[in-house]
Structures are given as structure tokens and as C-alpha cells.
Amino acid sequence: MSVTVRVPAKVNVQLAVGGARPDGFHDLANVFLAVGLYDEVTVTPADSLRVTCEGPDASRVPLDRTNLAARAVEKLAARYGRRADVHLHITKDIPVAGGMAGGSADGAGALLACDALWGTGASRETLLGICAELGSDVPFSLVGGAALGTGRGEKLRVLEVGGTFHWVFAVADGGLPTPAVYGEFDRLKEAVTVPEPVASAAVLSALAAGDVPALAGALSNDLQAAALSLRPSLASTLAVGTGAGALASIVSGSGPTTAFLVRDAESAAKVADALAASGTCRAARVAAGPVQGAVVV
Ligand code: C5P
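Residues numbered from 1 in each chain as written. Predicted model: local features only at pLDDT ≥ 70, side-chain atom pairs only at ≥ 80, totals over all residues. Heavy atoms only, no water.

1. Quick notes on the environment of G19
Here's step 1: Along the chain, G19 turns up in strand β1 (residues 3-20).
Here's step 2: The spacing of G19 and V31 is twelve residues in sequence and 18 Å in space, taken between C-alpha atoms.
Here's step 3: Among all residues touching G19, those that are not within four sequence positions of it are F25, H26, D27 and V194. (Helix = DSSP H or I, 4+ residues; strand = E, 2+ residues; numbered from the N terminus. Contact = heavy atoms within 4.5 Å.)

Below you can see the structure in the form of C-alpha cells.
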């Protein structure tokens, strides 16, 4: 008997970052949108905890206890006084270390899958609490849709969305470690006072109205300058998307994936073709959102 959970990637339609806190984290106003690129996590009873992974980037996924999915299984097992004896298989389609919460998706997926496999009866609140311990973006991977994350991103307020937003994602060669991008943000802001992060009224109302041009005009990412500083070549990728008709071009989260908001599916195909032909990225993927969060399939 095994259980499979499907979990979406995210893009940040706003990522407002405050100054570094004493604990090293940053307070955020983080508006997440779940988009239709998915990882699948399958758990099967086994003699001991074992992780395997398949997909184009599988070789870059750690298979030891640093894997968020493995840590999720161990945390749930400890909570319910049982052994973490499962084979965890990840079918990976979300870019690895790409700023699209792929690792967080696997953590949320493994948690939900083991919860179902073991029949723990854990409440949604308990699961969300474990997600928050695993990482700042993990609660959103469970919830999906659209949400405003505050604190370090883990305190969620679900947002209503009035339509579908079409995106193209340019997958870069290699990843960018999130801590390195926050570190670069701190370095770039060393001499300035960073304001408190606040949710943008323009972003929230564009989401609520399903207004694509309005959202395009309101997208913002405070980590973009840091990601570009570490990976200057991303500027060319952003320019290709804009030149091909994207309404807005932005770095996704901590990067290096770049995200292009487009008018509709037809425009998405055109922008994706231009990106793929440009040689400025490894692959171009099309996806729309919002989509639901982690779900047993
Ligand atoms: O929470 P998570 O483990 O995903 O965070 C990874 C790293 O990203 C943290 O160790 C920290 O360096 C950085 N981070 C941050 N502020 C946040 C979220 C993440 O500085 N709100």
C-alpha cells in the first residue's frame, strides 16, 4: 500500500523583505501564488527511511536527512511515537534550488502522504505547525491557492483570486541557495535602513479582481537585485521575455528561475518559444495559477 501526494510550485507576486532579524531571518510581506508545475511524493512502508528521486534534476536532490521530505517524515513520526520507516520517492518537476519552493513542496507532500498512510488524524493546524518548523515556505505548499505570508513567510492569510494568471518560467542552469541570496540582500542594504515590509494594496486588489495587466504593473520582488547581483546573466533572460511580449518579467523568489506574466495561454506559448530559442535559459515552462495545494492523488 502506498500514498502519492501532488504538490505545486509557487511564484511570489510580491516579496517585500525587511531588515535581518536577530535570528538571521527576515520579516516578509510575501504574496504567494501556487502555479501548475508539480512534484509528486510517494510513500510506501519499508524497513527504514529511504529517499529516491527521479526527474531531470534528480542528481541535485539530496537523498539524506537534509532532504526536507525526509525531515517531514521524521517530524511526523516523532510526534506520533512511531518509526519513520517508509520509502519516500520524489518525482521531481519543480526546478531544484530555483526560487519556486520545490524543496518546500516535497516537505509538505511527504507530510501529507505519511499522515494519510499512517492515519494519524492530525488536524490541519498540527500539520501547518510542522510545516512551519520545516521551513518558511512549507505551510504555503500545503495550502496552495494564493496567500499573504507574514513573519518569515509562514503565517498565512488565504487570499481570494478572481481569475487565472498565465505564466512562463525560464529555468536557469544550476540553482541559487536561498541563504546566499538573503546574504547578498543584506550586503546590498548594509548602508540603508530597510523599511518594514507591507503587503501591496495594488497586488492584493489585482489578484482579487483577476486583473492581469494590473498585476503585471504591481509585481515586485525585493530579492531581485540580490539574485541579479549573484547571477548577472539573468538580466538577459528577463529582457528576452519582455521583448517577446510578456506583460511583466521578474525573478521568482530567490531565483534563479525567472517568471513572465502573460496575457493568455497563446501569449505564453509565444514567450516560451522565444525564451527556449534565446539560449539564455535551460528550459521554458508554461503554467497557470492559482492551483490547489498539496493533495492526495
Ligand atoms: O525557512 P527556510 O529554511 O526555507 O529558509 C532558508 C534560508 O533563507 C534561511 O536560513 C535564511 O537564510 C533565509 N530566509 C530569511 N528570511 C526568511 C526566510 C528565509 O532570511 N523570511
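There is more to say, and it comes next.
2. A closer look at the packing of aromatic side chains
Here's step 1: Across all of its chains, the model carries two aromatic pairs by this definition.
Here's step 2: With a centroid separation of 6.0 Å and 15° between ring planes, the pair formed by W167 and F169 is classed as stacked. The pair formed by W167 and F169 is uniform in burial state, with each residue classed as buried.
Here's step 3: Residue placement shows R6 over the ring face of Y38; its charged tip is 3.8 Å from the ring centre. (Phe/Tyr/Trp six-rings, centres within 6.5 Å; stacked < 30°, edge-to-face > 60°. Buried < 20%, exposed > 50% of the residue type's maximum accessible area, 1.4 Å probe, protein only. Lys NZ or Arg CZ within 6 Å of the ring centre and 35° of its normal.)

3. Focus on the pattern of salt bridges
Here's step 1: Applying the stated criterion across every chain yields a total of twelve salt bridges.
Here's step 2: For the salt bridge of K92 with D39, the shortest nitrogen-to-oxygen distance reads 2.2 Å. Here K92 is found in the loop between β4 (86-91) and α2 (102-118), whereas its partner D39 is found in strand β2 (residues 26-45), with 53 residues between them in sequence.
Here's step 3: Owing to a relative accessible area of 6%, K92 belongs among the buried residues under this scheme.
Here's step 4: Across the salt bridge formed by R285 and D93, the nearest N and O atoms sit 2.8 Å from each other. Pair noted here: R285 is in strand β11 (residues 283-289) and D93 is in the loop between β4 and α2, with a separation of 192 residues, a long-range link.
Here's step 5: By relative accessible area, which is 27% here, R285 ends up partly exposed.
Here's step 6: Each of R21, D23 and D27 takes part in salt bridges that share partners, so that together they form one network. (Salt bridge = Lys/Arg side-chain N within 4 Å of Asp/Glu carboxyl O.)

4. Things to note about the site of the ligand
Here's step 1: Within the structure, the ligand sits among G24, F25, H26, L28, G135, S136, R152, T178, P179 and Y182.
Here's step 2: Contacts to the ligand include G24, whose backbone N or O atom sits 3.5 Å from an oxygen atom.
Here's step 3: A distance of 2.6 Å is found between an oxygen atom of the ligand and a side-chain nitrogen or oxygen belonging to S136.
Here's step 4: Bound to the protein, the ligand loses 74% of the 450 Å² it would expose on its own.
Here's step 5: Considering every element that reaches the shell around the ligand, the biggest residue donor is helix α5 (residues 178-188), with three residues.
Here's step 6: Residue composition of the shell around the ligand, grouped by class: four nonpolar, five polar and one charged. (Near = heavy atom within 4 Å. Polar contact = N/O pair within 3.5 Å; in protein donor to acceptor, adjacent residues only side chain to side chain. Areas by Shrake-Rupley, 256 points an atom, 1.4 Å probe, with all protein chains shown as cover. Nonpolar A, V, L, I, M, F, W, Y, C, P; charged D, E, K, R; others polar.)

5. Re unusual backbone geometry
Here's step 1: The residue after G255, namely P256, is reached through a cis peptide bond having omega 5°.
Here's step 2: With respect to the helices, strands and loops of the structure, P256 is situated in the loop between β9 (248-251) and β10 (258-262).
Here's step 3: With omega at 10°, the peptide bond leading from G289 into P290 counts as cis.
Here's step 4: Counting through the fold element by element, P290 comes out in the loop between β11 and β12 (295-296).
Here's step 5: For A97, which is not glycine, the phi dihedral falls at a positive 50°.
Here's step 6: By secondary structure assignment, the location of A97 is in the loop between β4 and α2.
Here's step 7: According to the relative accessible area criterion, A97 is partly exposed, its value standing at 41%.
Here's step 8: In this structure, A101 is a non-glycine residue whose phi angle is positive, near 65°.

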